[in-house]
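Residues per chain are reported as follows:
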Amino acid sequence: MSDHRPWAREAIRIIEADFQRSADTHLIPLPLPGLPGTELYFKDESSHPTGSLKHRLARSLFLYALCNGWLKPGAPVIEASSGSTAISEAYFARLLGLPFIAVMPATTSQEKIAQIAFYGGRSHLVQDPTQIYAESERLARESGGHFMDQFTYAERATDWRANNNIAESIFQQMRFEQYPEPSWLISSPGTGGTTATLGRYVRYRQHCTRVLCADAERSVFFDFYQSGDASLRLDCGSRIEGIGRPRVEASFLPAVIDAMVKVPDALSLAAMHYLAERLGRRVGGSSGTNLIGALVAAQQMKAAGESGSIVAILCDGGERYATTYYDQAWLAGQGYELDGLIKEVAASVERGEPLPNSIQRANI
């Protein structure tokens, strides 16, 4: 058997050097005039080199695979992804000179496909989104490559105790704020790895911070959180790219989550448009989902007479969705009428009015 350790050592050095060239991501305050006493911040993960939260995950997955001896010189890396993880993994594969294949639903935005190609990766599109796992395994087997499998390894590849994980970064950046220990951290689940990191870190560091997970409409995570039934399945994929899954993933750890909400897709997109207007730049659909989760938590705090801070994740920028979520013709074709919902989101932020009853809540 060939000894690839010298190659792996050099690969790890290359990834670590890339990390040292990168700065931390920004923490952006978003005032809530209608919810006084609550300070909301967005952790802006769109400022990573590959433009999304998944840059952290891809780096961790590559280091995990290298240290486990799973990657080989010249052998392809394959990933099942709706786009953002694939973009970030394509970036790291190019750093190491490895071929990369992204197995994605055929509905993935053209902008994401183009970005994967920019980093030298190839997109393998699948009509049935529930088959991306099996197709990834087949490609890895036939090519002699490695299926990275973010949905299984996300929670174990990330060093949740330290190593500048997203939770550690948030608490460092919050040190001089009025409420330095957040009352709530808000994240939406793609693999479940980010909520696993947040939940483990606050327990490890003995913080009183609670973690709220905001799920998409077409996803099983919320229902699994309530029922404990790991056999739940959907025959369709999520319409909010990057979050929501048709099956329960191994990296989703409900025991480290304090509360969940399930947000209708139309409301997520309305909140996305509202947030983009407030920030002066486009954001992705999952950031809209997280804004709704943050508003649910803020209203709970107001009802309990609590003051404090909330930090939500801004997962990626909106440039990747120019021909979908930000295209009025596309929205109309999908049956989305957002104007009224955008006004409801604005009323909640600016006047503290209740959110729509269509949001499902657990432990709130």
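As shown above, the structure is provided for reference.
Figured I'd write up the structure that's included with this text. Computed from a prediction, not measured in an experiment: that's the story for all the values here.

Quick notes on the rules
- Residues numbered from 1 in each chain as written.
- Predicted model: local features only at pLDDT ≥ 70, side-chain atom pairs only at ≥ 80, totals over all residues.
- Heavy atoms only, no water.
- Pairing = 2+ DSSP bridges.
- Helix = DSSP H or I, 4+ residues; strand = E, 2+ residues; numbered from the N terminus.
- Axes fitted to C-alpha atoms, helices over the stretch in contact; angles between N-to-C directions.
- Contact = heavy atoms within 4.5 Å.
- 1 Å grid on protein atoms, 1.4 Å probe; cavity = no way out; pocket = protein on both sides within 12 Å on 5 of 7 lines; lining within 4 Å.
- Points joined across faces, edges and corners; volume = space filled by probe spheres on them.
- Nonpolar A, V, L, I, M, F, W, Y, C, P; charged D, E, K, R; others polar.
- Buried < 20%, exposed > 50% of the residue type's maximum accessible area, 1.4 Å probe, protein only.
- Polar contact = N/O pair within 3.5 Å; in protein donor to acceptor, adjacent residues only side chain to side chain.
- Parallel < 35°, antiparallel > 145°, perpendicular 65-115°, else oblique.
- Left-handed = near helix turned anticlockwise from the far one by under 90°.

What to know about the sheet that holds strand β8 (residues 210–216)
At step 1: Strand order in the open sheet made by the seven strands is β1-β2-β10-β7-β8-β9-β11, with mixed pairing throughout. Looking at the sheet topology across the chains shown, the edges are occupied by β1 (26–30) and β11 (360–362). Between one strand and the next, the sheet's axes are offset by a mean angle of 20°, whatever the strand orientation.
At step 2: Bridge analysis of β8 against strand β9 (residues 259–263) gives five bridges, and the strand direction is parallel. Opposite Asp215, over in β9, you have Lys262 as the bridge partner.
At step 3: Each of β7 (184–187) and β8 touches helix α8 (residues 193–204); the most contacted strand, β7, lies at about 165° to it.
At step 4: Contacting β1, β2 (38–44), β7, β8, β9, β10 (308–314) and β11, helix α11 (residues 285–303) runs over the sheet at an angle of about 165° to β10.

Re empty space enclosed by the protein
At step 1: With the rule as written, the count across this model stands at one cavity of 30 Å³ or more.
At step 2: Of the voids in this model, the largest cavity is the one considered here, and its volume is about 30 Å³.
At step 3: As for the largest cavity, its lining consists of Trp70, Leu71, Lys72, Ala75, Pro76, Val77, Gly144, Gly145 and His146.
At step 4: The residue inventory of the lining of the largest cavity, partitioned by class, reads five nonpolar, three polar and one charged.

Describing helix α6 (residues 150–157)
At step 1: For α6, the buried fraction is high: seven of the eight residues fall into the buried class.
At step 2: Among all positions of α6, only Gln150, Phe151, Thr152, Tyr153, Ala154, Glu155 and Ala157 are buried.
At step 3: Turning to α6, the residues buried within the fold contact α2 (54–67), β3 (77–80), α3 (84–96), α5 (132–143) and α8.

What about unusual backbone geometry?
At step 1: With phi around 55°, Asp149 is a residue other than glycine that occupies positive phi space.
At step 2: Looking at the element boundaries, Asp149 is found in the loop between β6 (146–147) and α6.

Some points on the side chain of Lys112
At step 1: Tracing the backbone shows Lys112 in helix α4 (residues 110–118).
At step 2: There is a polar contact of 3.1 Å between the side chain of Lys112 and the side chain of Tyr321.
At step 3: For Lys112, the contacting residues outside a window of four places in its chain are Ser82, Gly83, Ser84, Ile87, Glu241, Arg320 and Tyr321.

Points about the packing of helix α1 (residues 5–20) against α2
At step 1: Contact geometry for α1 and α2: axes closest at 10 Å, N-to-C directions at 160°. Viewed along their axes, α1 and α2 adopt a mutual orientation that is roughly antiparallel. Note on packing geometry: the crossing formed by α1 with α2 is left-handed. Between α1 and α2, the contacting residues are Trp7, Ala8, Ala11, Ile12, Ile15, Glu16, Asp18 and Phe19 on the first element and His55, Arg59, Phe62, Leu63, Leu66 and Cys67 on the second.
At step 2: In terms of residue class, the contact of α1 with α2 is made up of 10 nonpolar, one polar and three charged.

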